[in-house]
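Coordinates in review
Letter by letter, the chains look like this.
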Amino acid sequence: MDTGAGRFKPVVSMEQWGELQGMHPNHGGTFRVGEELEIKGSRFRVKKIKPKELVLKLLPKDPGN
C-alpha cells in the first residue's frame, strides 16, 4: 500500500489492509506483486515492492494494437 508519505507498507490480509487504510488516510493505492499496470500506454508487471520502491517489468505491446 502506498502510504501517501513516500513509503510502501506490506499488506498481508484484507483485515490488515483495512487497519492500514485507517492509519494512512492519504494513501494513493494498493499494489500486488504480479499485478499488471498500464501507465501512459505502456504495460508493466509489478516485480517487487520495497519500502521506497516499486520495481516494474516492461511488458511487450499486444500484437493486436
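The notes below deal with the structure included here. Everything quoted here is computed from the prediction, not taken from an experiment.

Attention now goes to unusual backbone geometry. The backbone of Lys40 shows a phi angle near 50°, a positive value even though the residue is not glycine. Relative to the helices and strands, Lys40 resides in the loop between strand E1 (36–39) and strand E2 (42–50).

This part is about the pairing of strand E3 (residues 53–58). Of the pairings in the sheet, the one linking E2 to E3 comprises 6 bridges and is antiparallel in character. Bridge pairing links Arg45 to Lys57 in E3. With antiparallel pairing between neighbouring strands as the criterion, E2 and E3 make up a hairpin whose turn holds 2 residues.

Now for the sheet that holds E3. Sheet architecture is open: 3 strands sit in the order E1-E2-E3, paired in antiparallel fashion. Edge positions in the open sheet fall to E1 and E3, since each of these has one partner strand only. Sheet twist, expressed as the average angle between the axes of neighbouring strands with direction ignored, equals 45°.

With that out of the way, let us pick up the pairing of E1. Across 4 bridges, the pairing between E1 and E2 is antiparallel. When the bridges of E2 are listed, Glu36 appears paired with Arg45.

Parameters and conventions
Residues numbered from 1 in each chain as written. Predicted model: local features only at pLDDT ≥ 70, side-chain atom pairs only at ≥ 80, totals over all residues. Heavy atoms only, no water. Helix = DSSP H or I, 4+ residues; strand = E, 2+ residues; numbered from the N terminus. Pairing = 2+ DSSP bridges. Axes fitted to C-alpha atoms, helices over the stretch in contact; angles between N-to-C directions.

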